[in-house]
Amino acid sequence: IVVFLLGQCILSGCKDNQSHSGEVNGSLQSRIETDFSRSEYLLGETVVIREYIKNTTDQDIVICAWPSKEELIFTHYENSKPVVYRDVALCDKPVSKNKSFVTIKSGAEIHHGTLEFKEESGGKYFDKTGRWELKIVQFYDFTGERFGLDGWRGKLSSNVLSINIVPQREGEKQGKANRKL
């Protein structure tokens, strides 16, 4: 089960140590990375992924705080063959101007959300050893017109994030790996 935490959108001071940015669609760019830019996790360890959105224009952009549709595309390589899993979520319409929309300043990057994949929550992803890849595709159709806004509309595709899941090493405790930050 994926826990998607949408808190306040804040300016991000994180550096891109592991991943490259996703496709630029002319105005916004999506980037995902793991906690502390890790590329390897123990089987059963919670995998935390953070998503960032960057405004690549010279103008401020108003965007809904969540997409109208989100697709998570997981690829697990089994015997060198890719096995693709897709999760699609449809989101509710915005309820207010102040709580549902955020302005991304020109050149700024915001922390848009955090995904946690936990074994104890019955998660079906990252539940096998080997190489995994994740890409997030989001569709933004909520413009805020009914609130007098002219919000951004379009599709964001993140970079492809590669994660290696390795077996528990002898003597290591799974609980130690599931610490909260």
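Conventions adopted
Each chain carries its own residue numbering, running from 1 in the direction its sequence is written. With pLDDT at 70 or above as the cut-off, local features in this predicted model cover only qualifying residues; side-chain atom pairs require 80 or more to be listed or tallied, and sums for whole chains, interfaces and linings still use all residues. Side-chain figures throughout are based on the complete set of non-hydrogen atoms in the structure, without hydrogens or water. Two strands form a pair only when DSSP identifies at least two bridges running between them. In DSSP terms, a helix is any run of H or I states spanning at least four residues, a strand is any run of E spanning at least two, and both are numbered starting from the N terminus. Per-residue confidence from the predictor is reported as pLDDT, a score between 0 and 100. Whether two residues are in contact is decided by their heavy atoms: any pair within 4.5 Å suffices. Nonpolar cores were defined as sets of buried Ala, Val, Leu, Ile, Met, Phe, Trp, Tyr and Cys residues, with membership established by side-chain atoms within 4.5 Å. Burial classification: accessible surface area is computed with a 1.4 Å probe over protein chains only, and a residue below 20% of its type maximum counts as buried, one above 50% as exposed, and the rest as partly exposed. Each salt bridge in this description consists of a side-chain nitrogen of Lys or Arg and a carboxyl oxygen of Asp or Glu lying within 4 Å of one another.

Asks: How should I be thinking about the pairing of strand 13 (residues 161-166) in this particular structure?
Replies: Looking along a regular strand, one sees the side chains alternate between the two faces of the sheet. Both strand 4 (residues 40-42) and strand 13 contribute to a ladder of three bridges, which runs parallel. Directly across from Glu 40, in strand 13, lies its bridge partner Asn 164. Bridging between strand 11 (residues 130-140) and strand 13 involves five bridges; their strand directions are antiparallel. The partner of Glu 133 across the bridge, within strand 13, is Ser 162.

Asks: Sorry if this is basic, but what is going on with the confidence of the model for the protein here?
Replies: Low-pLDDT stretches of the model should not have their predicted coordinates read in fine detail. For the protein, the mean per-residue pLDDT works out to 82, and 78% of the residues sit at or above 70. A low-confidence stretch, residues 1-20 (pLDDT under 50), is modelled with 61 contacts involving residues beyond four sequence positions or located in other chains. Scored below 50 in pLDDT, residues 175-181 makes 10 contacts in the model with residues more than four places away or belonging to other chains.

Asks: What should I look at first to understand the nonpolar core in this one?
Replies: Note on soluble globular proteins: their nonpolar side chains tend to be buried together. By size, the foremost hydrophobic cluster in this structure holds 16 residues, and its most contacted members are Val 47, Ile 49, Phe 74, Phe 117, Phe 126 and Ile 163. The set of elements that each furnish at least two residues to this core consists of strand 5 (47-55), strand 7 (69-78), strand 10 (109-117), strand 11 and strand 13. Dropping the residues within four chain positions of it, Phe 74 is found in contact with Val 83, Val 84, Tyr 85, Phe 117, Tyr 125, Phe 126, Trp 132, Glu 133 and Leu 134. Ranked by size, the runner-up nonpolar core spans 11 residues in total, among them Ile 53, Ile 104, Ile 110 and Trp 152.

Asks: Explain the pattern of salt bridges here, please?
Replies: Two side chains that carry opposite charge are able to pair once their charged atoms sit near each other. Taken as a whole and judged by the stated rule, the model has 10 salt bridges. In this structure, the salt-bridge partner of Arg 50 is Asp 35, at a minimum N-O distance of 2.8 Å. Of this pair, Arg 50 sits in strand 5 while Asp 35 is found in the loop between strand 3 (28-34) and strand 4, placing the two residues 15 residues apart along the sequence. With a relative accessible area of 22%, Arg 50 lands in the partly exposed category. A salt bridge links Glu 133 to Arg 131; the shortest N-O distance between them is 2.9 Å. Note on Glu 133: relative accessible area 18%, which makes it buried. One network of salt bridges, with partners in common, ties together Arg 31, Glu 33 and Glu 109.

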